[in-house]
Amino acid sequence: MALVTTEFWAQGDFIARSVGLPDVPRVELPHPVAGSGAANLAAVAKQTVPLIVAALRGDA
Amino acid sequence: MSIASTSSTELFATDEAAAVEKLHELGCTDGLPVIVPTSERVARMVLATGYDADLVLGEMGPNLGECSIEKVAAAAVMAGCLPDHAPVVIAAVRAVLDPRFDLTEMQATTHAIAPLIVVNGPARDWCGLHGGFGALGPGNRANASIGRALRLAMINIGGGRAGTSDMALLGHPGKFTMCLAEDEGNSPFEPLHAECGFDASQSAVTVLGVDSPQSVMINIDADDPTCADRMMRSFASAFSNVAANNASLRGGQAALALNPDHAAFLHGQGWTKAQVRERIADEAVVSAERLAASASYLGRKPEVDWQLPCFTKAEDLLVFVAGGGGLYSAAFPSWCAGPHKNQAVTAEVEVGQSCEIPGFAT
């Protein structure tokens, strides 16, 4: 499972194809996340966890 | 017109100008016009390498592209290289393909870093490489073309394209080309490649990922016995300021280009190159308190004000002689990241692979 911010989504696609894993599960995060404060990180986590679970189940 | 592109796909265009436009459209250039790599031109460049066209040197990341001699030759043609330059281009490519170089990570990083190519030995002369005034600036064909060939290989074979796989947030102009010769003729010291185990009569390239060069002003005073020590502090400060990754991340390699005047002065004062490296490494420290007071620091403010060395060992500072004589030498801070922490790789320029063909280099 890869968590990739919007700004780096295209790079994630490129690397996934390059290493032969085009379907590797990925979840998109807003950008930027780093340094955005505990409150925002908690909000992003709350929003993202269901997406991660869905991606791992293959539902996404 | 048939174009042998670096992706091994044969392209067709009605004429030279249309071919250049096609290569621009396909994202195969560095943004500047290129020499169209026609099948004939690429074949001539392959011949100059002395290797078979389909010999694979390795995989080039982040695209993990198969790096064949033919593809590298196409990049050299596009960059404007002469056939005489081909062995140096091949050596530079072999250097960056060495796993210690961490090319995939270097291409993908958000930091502004580019490969600096330092050429030593007789190849400097047969290629016409320049190590004096403005060696990293415009005007010298060999310097410009060889460095550009490596970049075009990194774009077309390695797949390094801005915003999708080359994630440098701003980049720097050295990403177009950054190649020079060590000015061995004006250096009192052992040449860089000889320090790496090569015989001085061999040719070699040393490649290191670096930031853009930082001019360091040095006012020599032969009457001042402390002058050499003060020089060392000036050089060290280029690496130990908190804006440099050498201070915030630490532990990588970096480079220093001494201009011939500064090298001669130090040599005259009895300094060896090893002593220069050791002293700069000793002086290049950053206090944890100062680092923690900046935004470059990751982590909590330390309870003890440790003095953190920028270099793990003195040998991590590459020192060579280049540039014109005068006030300024140049420091090249670096990235200090990747699995191998930004290591230099030196590769021999292999010249016994090809036979001489009269008029070939013209």
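Residues numbered from 1 in each chain as written. Chains lettered and ligands numbered in written order. Predicted model: local features only at pLDDT ≥ 70, side-chain atom pairs only at ≥ 80, totals over all residues.

## Section: the packing of helix α2 (residues 39–49) of chain B against helix α4 (residues 86–97) of chain B
Residue and element names in this part refer to chain B. Following both chains from N to C, one finds α2 and α4 inclined at 75 degrees, their axes separated by 8 Å at the closest point. If you check the angle between α2 and α4, you find them roughly perpendicular. Counted together, M45, A48 and T49 of α2 and A86, P87 and I90 of α4 form the full contact between these two elements. Residues that form the contact of α2 with α4 fall into these classes: 5 nonpolar, 1 polar and no charged. (Axes fitted to C-alpha atoms, helices over the stretch in contact; angles between N-to-C directions. Helix = DSSP H or I, 4+ residues; strand = E, 2+ residues; numbered from the N terminus. Parallel < 35°, antiparallel > 145°, perpendicular 65-115°, else oblique. Contact = placed C-beta atoms within 7 Å. Nonpolar A, V, L, I, M, F, W, Y, C, P; charged D, E, K, R; others polar.)

## Examining the sheet that holds strand β13 (residues 328–332) of chain B
Residue and element names in this part refer to chain B. The 4 strands lie next to each other as β8-β13-β9-β12, forming an open sheet whose pairing is mixed. Either end of the sheet is taken by a strand with one partner, and the two such strands are β8 (214–217) and β12 (317–321). On average, each strand axis in the sheet is tilted by 25 degrees relative to the strand beside it, whichever way the strands run. The sheet contact formed by β8 and β13 spans 4 bridges and is antiparallel. Directly across from V216, in β13, lies its bridge partner S329. Across the sheet, helix α9 (residues 227–240) touches β8, β9 (254–258) and β13, and the angle it forms with β8 is around 150 degrees. (Pairing = 2+ DSSP bridges.)

## A closer look at the domain arrangement of chain B
Bring the parts together and some accessible area is lost; that lost area is often taken as the interface size. Residues and elements named next belong to chain B. Here chain B is described as being made up of domain 1 (1–184) and domain 2 (212–334). The interface of domain 1 with domain 2 comprises 15 residues on the first partner and 12 residues on the second. Of the residues in the side of domain 1 that touches domain 2, the class split is 8 nonpolar, 5 polar and 2 charged. (Domains from an automatic or database assignment.)

## Describing the interface of chain A and chain B
At the interface, 7 residues of chain A touch 9 residues of chain B. Within the side of chain A that touches chain B, the residues separate by chemical class into 5 nonpolar, 2 polar and no charged.

## What about the sheet that holds strand β14 (residues 345–348) of chain B?
Residues and elements named next belong to chain B. An order of β6-β5-β7-β14 is seen for the 4 strands of this open sheet, with the pairing classed as mixed. With one partner strand each, in any of the chains shown, β6 (179–181) and β14 form the two edges of the open sheet. Here the average twist between neighbouring strands, direction ignored, is 25 degrees. As judged from the 7 bridges shared by strand β5 (residues 114–120) and strand β7 (residues 204–210), these two strands associate in the antiparallel manner. Residue pairing for β7: P115 is matched across the bridge by G209.

## Re the pairing of strand β4 (residues 65–68) of chain B
Residues and elements named next belong to chain B. Relative to β4, strand β3 (residues 56–60) runs antiparallel, the two sharing 4 bridges. Bridge pairing in β4 places E59 opposite E66. In this antiparallel pair of consecutive strands, β3 and β4, the connection spans 4 residues, and L64 shows a positive phi of 55 degrees.

## Quick notes on α2 of chain B
Residues and elements named next belong to chain B. Of the positions making up α2, those classed as buried are V42, M45, V46, A48 and T49. For α2, the angular spread of buried residues about the axis comes to 160 degrees, placing them on one side. The first or second residue beyond α2 is G50, which carries a positive phi of 85 degrees. (Buried ≥ 20, exposed ≤ 12 C-beta atoms within 10 Å, placed from the backbone. Arc of directions from axis to C-beta.)

## Quick look at the packing of α2 of chain B against helix α3 (residues 69–79) of chain B
Residues and elements named next belong to chain B. Contact pair α2 / α3: the axes reach a minimum separation of 8 Å and the direction vectors enclose 115 degrees. Classified by the angle between their axes, α2 and α3 sit roughly perpendicular to one another. Between α2 and α3 the crossing geometry is right-handed. Contacts between α2 and α3 involve R41, V42, M45, V46 and T49 from the first element and I69, E70, A73, A74, A76 and V77 from the second. Taken together, the residues of the contact of α2 with α3 sort by class into 8 nonpolar, 1 polar and 2 charged. (Left-handed = near helix turned anticlockwise from the far one by under 90°.)

## Some remarks on unusual backbone geometry
The omega angle of the peptide bond from H31 of chain A to P32 of chain A is 0 degrees, so this bond is cis rather than trans. Within the secondary structure, P32 of chain A is located in the loop between β2 (26–29) and α2 (38–57). A cis geometry characterises the amide bond from G61 of chain B onward to P62 of chain B, with omega recorded as 5 degrees. Locating P62 of chain B in the fold gives a position in the loop between β3 and β4. Positive phi, normally seen in glycine, also occurs at L64 of chain B, with a value near 55 degrees.

## Some details on the environment of I90 of chain B
Residue and element names in this part refer to chain B. In this fold, I90 is placed in helix α4. Sequence separation of I90 and L169 is 79 residues, and the distance between their C-alpha atoms is 29 Å. Contact partners of I90, with chain neighbours within four places excluded, come to T49 and V72.

## Some remarks on the nonpolar core
Residue and element names in this part refer to chain B. One finds A76, V89, A92, I117, V205 and V207 to be the most contacted residues of the largest nonpolar core, which totals 109 residues. Looking at which element gives the most residues to this core, the answer is α4, with 10 residues. Among the domains, domain 1 (1–184) and domain 2 (212–334) are the pair contributing at least three residues each to this core. (Core = buried A, V, L, I, M, F, W, Y, C linked by C-beta atoms within 7 Å.)

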